[in-house]
Amino acid sequence: DISRHRVELRMFRLGLGNDPRKRLRRPEEFEFDLEPAGHQGPKALYRLGDEALSVEEAVLRRLGYEGMWCENVLYTTLFGLLFWEVVFAPLDGMFQHPFQDAPLDYRTEFFHPHRADLFAARGAALKDGDPKRLVLDAHAAHAPRRCTGVAWDALEPGVLAAAALALGPALVPILERIGRNPRRHRRGLPDLFLWCDGRALLVEVKGPGDQVFLEQALWHDFLLRQGVD
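Residues numbered from 1 in each chain as written. Predicted model: local features only at pLDDT ≥ 70, side-chain atom pairs only at ≥ 80, totals over all residues. Heavy atoms only, no water.

**Student:** Just checking my understanding: could you explain the sheet that holds strand 2 (residues 43-48) for this structure?
**Tutor:** One key point about sheets: their strands pair by backbone hydrogen bonds, in either a parallel or an antiparallel sense. Ordered by their spatial adjacency, three strands build an open sheet running 1-2-3, and the pairing between neighbours is antiparallel. The open sheet terminates on both sides in strands that have one partner only, identified here as strand 1 (35-40) and strand 3 (51-54). Across the sheet, the mean angle separating the axes of adjacent strands is 40° when strand polarity is ignored. Pairing of strand 2 with strand 3, which is carried by four bridges, proceeds in the antiparallel orientation. By the bridge assignment for strand 3, arginine 47 is matched with alanine 52. In the packing of helix 2 (residues 55-63) onto the sheet, contacts are made with strand 2 and strand 3, and the angle to strand 3 comes to roughly 110°. (Pairing = 2+ DSSP bridges. Helix = DSSP H or I, 4+ residues; strand = E, 2+ residues; numbered from the N terminus. Axes fitted to C-alpha atoms, helices over the stretch in contact; angles between N-to-C directions. Contact = heavy atoms within 4.5 Å.)

See below:
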């Protein structure tokens, strides 16, 4: 998706096509005024009450919903858990020693094509199943074995299960998009995950001077097309 967008943008600038940026759906934007509170290393801090918080934490507090600052780790962990059998499928030559946390082609363009049938079968099974139960069962079955992208200590099983349930029908398409190119598509997912009446509400946070980069813009377009607010 990223490479295609860049090619189409270059063609547009050469007068050979339409501007691909005009096709992208963009989320609604809100602005908050926050009081600067210095820096912690390169990270700017903002004051909320007596606390100095990162911009993501400050916005999470201001929004007032139950939620978490998780960025990509929530989605890569759900992908690893729910597509575990696909990632660790015993394809010839993919695992050369017992300490690998992913197959040798995981970060290449061949990862998905080598497992297209497995992805299709697993995706269909997930759509027919209970996402909460599937996440809890996968967590119990595989923890704490290492798998690229799975952060065992970052999120509790119950939180992972609740997030999967809140994403609803969008869960499997999101994970399948990660699987089509894990090296590129595991980046750019929104900073905050909020629960709004049991449904997922995703928020990208940008402080002064920050810009939405291409991977994020393509994820925003994809998520909106899947019905995720």
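Now that the structure is up, let's keep going.
**Student:** I would appreciate a short explanation of the sheet that holds strand 5 (residues 192-196) in the present structure.
**Tutor:** The strand order across the open sheet formed by three strands is 4-5-6, and the pairing between neighbours is antiparallel. The two strands at the open ends of the sheet, each matched to only one other strand, are strand 4 (66-69) and strand 6 (199-203). Here the strands of the sheet are splayed against their neighbours by 20° on average, with no regard to which way each runs. In terms of strand pairing, strand 5 meets strand 6 through five bridges, oriented antiparallel. Paired with leucine 192 across the two strands is valine 203, which belongs to strand 6. Sheet contacts for helix 7 (residues 157-167): strand 4, strand 5 and strand 6; angle to strand 5, the most-contacted strand, approximately 70°.

**Student:** What should I look at first to understand the packing of helix 8 (residues 171-180) against helix 10 (residues 214-225) in this one?
**Tutor:** A pair of packed helices can be characterised by two numbers: the angle between their axes and the separation between those axes. Taken N-terminus to C-terminus, the directions of helix 8 and helix 10 make an angle of 145°; their axes are 10 Å apart at the nearest point. When the axes of helix 8 and helix 10 are compared, the crossing they make is right-handed. Counting all contacts with helix 8, which are made through Pro173, Ile174, Arg177 and Ile178, the residues of helix 10 involved are Leu218, Trp219, Phe222 and Leu223. Split into classes, the residues belonging to the contact of helix 8 with helix 10 amount to seven nonpolar, no polar and one charged. (Left-handed = near helix turned anticlockwise from the far one by under 90°. Nonpolar A, V, L, I, M, F, W, Y, C, P; charged D, E, K, R; others polar.)

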